Amino acid sequence: MTAFPRRIARVRPLSPAHPTEQFFVASDATDFGGAEGSTWTVVDSPFPGSPANASSLSRDGWQPGDQVREESLMFLAPSVPANVLGMAHNTGQSGRELPPQAFHKAATSVIGPGDAIELAPGMRRVDPEAELAIVIGTKARGLTAENARSAVLGFTIGNDVTCRDQQKSDELWISAKSQDTFTPAGPWIVTGLEESRLAVDVVHNGTPLRAASTADLGWNVDEILVYLTSFMTLHPGDLVLTGFPAECVPLAPGDTVVCRVEGIGELPNPVIASSWPGPTG
């Protein structure tokens, strides 16, 4: 990771040459909300060797080194991951007293800032979970405490949306966590961030809920990466959600939920009713 905070985002021009066009942009501005922070520079993909995260063909105004204004683009999820992983029971000392345990979320559940979280009929309780998310920058297996950071590009915000009634009936949590739209992520990646004591919270329909800190996590970033790469390979663009220590409330169609992580920003998403059938079983 670089020694200074830098934002990297995956974006689409508001007037794309192709519906799936994507570019990567970067900003070194320290004031994310100021005039300087709304100007971005087009850069090469930060995920070398990942076809899913390759930039589109350069064109006029969208070539590496070109500057673009925020109002001319939309933010996408910060990567197209091969794997999305979360950590179970990862809060405080009680989490450390249990062996580390991960769960998989479908990569197809990832959406970007402003995209709608869809609730299917029959879902009785669906909770948002604001989490610090690790963005993997390089292929990694068998990491150690000494080199775990070599795999980290930076951090973003993840919302580990979870259907609690499905979680109770599905011991593997697949149906609870891998529904389409159940992993909002973004709005950008921040590199060079000291992540050990960052405030984390949820804002539900404009009301901030009780916040917590990444210091409340049971297993820290290095320990999580050592654990995960002891049995699987992580790939550039993969997302690892570290755990949710704060307060949440159930979601309903018509809601707006904003997940916040200090030093990164805000991840807003509306909530709507899905047209897909509800869960069975």
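Parameters and conventions
- Residues numbered from 1 in each chain as written.
- Predicted model: local features only at pLDDT ≥ 70, side-chain atom pairs only at ≥ 80, totals over all residues.
- Heavy atoms only, no water.
- Salt bridge = Lys/Arg side-chain N within 4 Å of Asp/Glu carboxyl O.
- Helix = DSSP H or I, 4+ residues; strand = E, 2+ residues; numbered from the N terminus.
- Buried < 20%, exposed > 50% of the residue type's maximum accessible area, 1.4 Å probe, protein only.
- Pairing = 2+ DSSP bridges.
- Polar contact = N/O pair within 3.5 Å; in protein donor to acceptor, adjacent residues only side chain to side chain.
- Contact = heavy atoms within 4.5 Å.
- Core = buried A, V, L, I, M, F, W, Y, C linked by side-chain atoms within 4.5 Å.
- Domains from an automatic or database assignment.
- Phe/Tyr/Trp six-rings, centres within 6.5 Å; stacked < 30°, edge-to-face > 60°.
- Lys NZ or Arg CZ within 6 Å of the ring centre and 35° of its normal.

Draft legend 1. Seen up close, the pattern of salt bridges. Applying the stated criterion to the full structure yields 13 salt bridges. As a salt-bridge pair, Glu-223 and Arg-96 come within 2.8 Å of each other at their nearest N and O atoms. Taken as a pair, Glu-223 in helix α4 (residues 221-228) and Arg-96 in helix α1 (residues 92-96) lie far apart in primary sequence, 127 residues in all. According to the relative accessible area criterion, Glu-223 is partly exposed, its value standing at 27%. According to the relative accessible area criterion, Arg-96 is partly exposed, its value standing at 34%.

Draft legend 2. Region of interest: the pairing of strand β14 (residues 183-191). Within β14, nine of the nine residues are buried, which leaves it mostly tucked inside the rest of the structure. With three bridges connecting them, strand β1 (residues 6-13) and β14 associate as antiparallel partners. Bridge pairing in β14 places Ile-8 opposite Ile-189. Both strand β8 (residues 110-111) and β14 contribute to a ladder of two bridges, which runs parallel. In the strand pairing of β14, Val-110 is matched with Thr-183.

Draft legend 3. Region of interest: the side chain of Thr-156. Here Thr-156 is to be found in strand β12 (residues 152-159). For Thr-156, a relative accessible area of 0% translates into the label buried. A polar atom in the side chain of Thr-156 sits 3.2 Å from the backbone oxygen of Gly-186. Once you skip the residues sitting within four places of it in the chain, Thr-156 turns out to touch Pro-78, Glu-131, Leu-132, Ala-133, Val-135, Gly-186, Pro-187, Trp-188, Ile-189, Leu-239 and Ile-264.

Draft legend 4. Just the nonpolar core, in detail. Of all hydrophobic cores here, the largest spans 59 residues; its most connected members are Ile-117, Leu-225 and Ile-264. The element contributing the most residues to this core is α4, with five residues. Shared between two domains, this core takes at least three residues from each, and those domains are domain 1 (6-75) and domain 2 (84-273). Sequence-distant contacts of Ile-117, defined by excluding residues within four places in its chain, comprise Ile-111, Asn-159, Val-161, Thr-181, Phe-182, Pro-184, Leu-251, Val-257, Asn-269, Pro-270, Val-271 and Ile-272.

Draft legend 5. Geometry of the pairing of strand β11 (residues 130-136). Burial runs high along β11: seven of the seven residues are buried. Burial along β11 is two-sided: the residues Ala-130, Leu-132, Ile-134 and Ile-136 and Glu-131, Ala-133 and Val-135 are all buried. Inspection of the sheet shows β11 paired to β12 by seven bridges, in the antiparallel sense. Within β12, the residue paired with Ile-136 across the bridge is Val-152.

Draft legend 6. Broad picture of the packing of aromatic side chains. All told, the structure shown has eight aromatic pairs when counted by the stated rule. Ring pairing ties together the aromatic residues Phe-32, Trp-40, Phe-75 and Trp-188, which thus form one cluster. Cation over ring: Arg-7 sits above Phe-32, and NZ or CZ is 4.3 Å from the ring centre.

Draft legend 7. Inspection of unusual backbone geometry at higher detail. With omega at 0°, the peptide bond leading from Gly-186 into Pro-187 counts as cis. Structurally, the position occupied by Pro-187 is in strand β14. Not every positive phi belongs to a glycine, and His-89 is a case in point at roughly 35°. Looking at where His-89 falls in the secondary structure, it is placed in the loop between β6 (84-87) and α1. The class for His-89 is partly exposed, based on a relative accessible area of 30%.

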